[in-house]
Amino acid sequence: MEATGTDEVEKIKSKFMSAWHNMKYSWVLKTKTYFSRNSPVFLLGKCYHFKTDESGELSTDGSNFDKINTEISGNVEEFRKDFISRIWLTYREEFPQIKGSVLTTDCGWGCTLRTGQMLLAQGLMLHFLGRAWVWPDALDIDSSDSESWTAHTVKKLTASFEASLTAEREPKILSNHHRGTLKRNWDESERRNEVYHRKIISWFGDSPLAAFGLHQLIEYGKKSGKIAGDWYGPAVVAHILRKAVEEARDPELQGVTVYVAQDCTVYSSDVIDRQCSFMDSGKADTKAVIILVPVRLGGERTNMDYLEFVKGILSLEYCVGIIGGKPKQSYYFAGFQDDSLIYMDPHYCQSFVDVSIKDFPLESFHCPSPKKMSFKKMDPSCTIGFYCRSVQDFEKASEEITKMLKSSSKEKYPLFTFVKGHSRDYDFASSPLHEENYLFSEDEKKRLKRFSTEEFVLL
């Protein structure tokens, strides 16, 4: 009886925290973001120019398109369409209970898992859809959506308290801004792309069976000592994503693998071994690889000397973004303008969407407006991601990034390195390609402990 009472208290506490975080973070969608007209904007390797003869700033919500010429307006729309097409994964509430807890929301603690999901989602989009793909309905999400979502928060706050007091499930209040996907006369290629668009999102659904959903990621995190409700750092999330991709059983995912750099070093032979491993089908073929590099951009604060390198990385089309943020507040960095980083913010609590149903609504998985943050405010701990479709692409990328690392490094040692050979050739213990059911080796645990406690040796 006492245990039951404790569970009820935890459920009420969970509802209260969900409502509080929804109110706390709802302003992030309402505030506008302004871009300079005189500087290029980079988004995951693509460059957009908003330049005009007039100086000033430009809002990306379309509110002042009439003030600029048609060519620039078109370029802004292309940027908006590209940005909105990226998959946005945020706090959710009222999803199935997480195993081993009473939690039905990740508000307040799951932001780094969400930014890790966004980075992995971008890698999968490159793999299945290509960088040129954009969501045909992207511009149907307009600025009024964020206004209605924010007003909707107040209703949810009140409803949450009432439901908690009566021990009932929180009532669903559906806003009227959601629209079904417009039916078009799509050709075969467009239909295929829409199938993959939905399939990728479904892999990140908030249910126990979703391959890269929160429930699965938390299960893998338990093997490294993490539980639901803990805060996860960028390095730990990188290893959790690696394990999640290794364990994924969907045949579509057998052509993708994840490699996590060891001590800021990418061992080329280890990467190629992963790419050339046999697929479950028994056919020898190369896999695409998503390379994750946990790094630290300074001591207690981010070193501004790394700015040009970070901008260079985000200028590459095979970059899948950066898991980073402010201290204890994770963001998914996807681009930049001047000295400001462009990001997607997971700190917005939305209702659970059942991605197993046909034609589930897509709107809440796409962010209506980008946000900007000064590079100097960035937390130094982050994880950088790259996608390489083939061994040849990896070799080309490693050469290009190595040149960038050397040219941007003012110190004797670069931020991270690519070296020939296997990690075992350098007397490092490397986890085998087909490891047992352990998330981390003892050596990995030691490295992760250094990352999580932020005890670094600065060279």
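Owing to the predicted nature of the structure, the values given are computational and were not obtained by experimental measurement.

1. Details of the overall build of the protein chain
Broken down by element type, the protein chain carries twelve helices and 15 strands. In the protein chain, which comprises 459 residues, the proportion classed as buried is 55%. When contacts within the protein chain are restricted to residue pairs at least 6 apart in sequence, those whose partners lie at least 24 apart make up 75%. If you sum the accessible surface of the protein chain, you get close to 21,000 Å²; carbon and sulfur atoms cover 52% of it.

2. What about the environment of Val266?
Here Val266 shows up in strand E7 (residues 265-267). For Val266, a relative accessible area of 0% translates into the label buried. Setting aside residues up to four positions removed in sequence, Val266 forms contacts with Tyr259, Ala261, Val271, Ile291, Val293, Phe394, Thr417, Phe418 and Val419.

3. Some remarks on the pattern of salt bridges
As enumerated under the stated definition, the model contains 13 salt bridges in all. The partner of Glu246 in a salt bridge is Arg242, with the nearest N and O atoms 3.3 Å apart. Linking Glu246 with Arg242, this pair stays in helix H8 (residues 234-247), spanning four residues, or about one helical turn. Accessibility expressed as a relative area gives 23% for Glu246, which makes it partly exposed. For Arg242, a relative accessible area of 2% corresponds to the buried category. Taken together, the shared-partner salt bridges connect Asp82, Arg86 and Arg131 into one network.

4. Topic: unusual backbone geometry
Unusually for a residue other than glycine, Asp263 sits at a positive phi of about 50°. As for its position among the elements, Asp263 is in the loop between strand E6 (256-260) and E7. For Asp263, a relative accessible area of 28% puts it in the partly exposed group. Positive phi, normally seen in glycine, also occurs at Asp338, with a value near 55°. Following the sequence through the fold, Asp338 ends up in the loop between strand E10 (329-337) and strand E11 (340-344). Residue Asp338 is classed as partly exposed on the basis of its relative accessible area, which comes to 39%.

5. Brief notes about the environment of Thr112
Mapped onto the elements, Thr112 comes out in helix H4 (residues 111-128). Classification of Thr112 as buried rests on a relative accessible area of 1%. With 219 residues separating them in the primary sequence, Thr112 and Tyr331 have C-alpha atoms 7.4 Å apart.

6. Describing the environment of Ala235
With respect to the element layout, Ala235 can be found in helix H8. Since its relative accessible area comes to 5%, Ala235 is described here as buried. Put simply, Ala235 and Ile323 are 88 residues apart on the chain and 9.0 Å apart in space, counted from C-alpha to C-alpha.

7. A short note on helix H6 (residues 188-203)
Relative to the 22 Å expected for 16 residues at 1.5 Å per residue, H6 spans 23 Å between its end C-alpha atoms, a close match to the ideal helical length. Among the residues of H6, Asn193, Glu194, Tyr196, His197, Arg198, Ile200, Ile201 and Trp203 are the ones counted as buried. Packed against the buried residues of H6 are H4. Where H6 begins, the side chain of Asp187 points an oxygen toward the backbone nitrogen of Ser189, at a separation of 3.1 Å.

8. Some words on the nonpolar core
Side chains that are nonpolar tend, in soluble globular proteins, to be buried together. Among the nonpolar cores identified, the biggest contains 73 residues, and Trp109, Leu124, Ile200, Trp203, Phe204 and Phe212 are the most heavily contacted of them. In terms of residue count, the dominant contributor to this core is H4 (nine residues). Once you skip the residues sitting within four places of it in the chain, Ile200 turns out to touch Ile87, Ala121, Leu124, Met125, Phe128 and Leu129. Val293, Phe336, Tyr343 and Phe375 belong to the second largest nonpolar core, which has 40 residues in total.

9. Description of the pairing of strand E13 (residues 371-374)
Across the two faces of E13 the burial differs, with Lys371 and Met373 buried and Lys372 and Ser374 not buried at all. Pairing analysis gives four bridges linking E11 to E13, with the strands arranged antiparallel. Across the sheet, the residue bridging to Tyr343 is Lys371, located in E13.

10. Some details on the pairing of strand E14 (residues 381-388)
Burial analysis of E14 places eight of its eight residues in the buried class, the great majority of the element. The side-chain alternation of E14 yields two buried faces, one formed by Ser381, Thr383, Gly385 and Tyr387 and the other by Cys382, Ile384, Phe386 and Cys388. Sheet topology note: the strand E8 (residues 288-296)/E14 ladder contains eight bridges and is antiparallel. Across the sheet, Ile291 pairs through a bridge with Phe386, a residue of E14. Alignment of strand E9 (residues 319-326) against E14, held across four bridges, turns out to be antiparallel. The partner of Ile322 across the bridge, within E14, is Ile384.

The rules behind each value
- Residues numbered from 1 in each chain as written.
- Predicted model: local features only at pLDDT ≥ 70, side-chain atom pairs only at ≥ 80, totals over all residues.
- Heavy atoms only, no water.
- Helix = DSSP H or I, 4+ residues; strand = E, 2+ residues; numbered from the N terminus.
- Buried < 20%, exposed > 50% of the residue type's maximum accessible area, 1.4 Å probe, protein only.
- Contact = heavy atoms within 4.5 Å.
- Areas by Shrake-Rupley, 256 points an atom, 1.4 Å probe, with all protein chains shown as cover.
- Salt bridge = Lys/Arg side-chain N within 4 Å of Asp/Glu carboxyl O.
- Expected span 1.5 Å × (residues − 1).
- Polar contact = N/O pair within 3.5 Å; in protein donor to acceptor, adjacent residues only side chain to side chain.
- Core = buried A, V, L, I, M, F, W, Y, C linked by side-chain atoms within 4.5 Å.
- Pairing = 2+ DSSP bridges.

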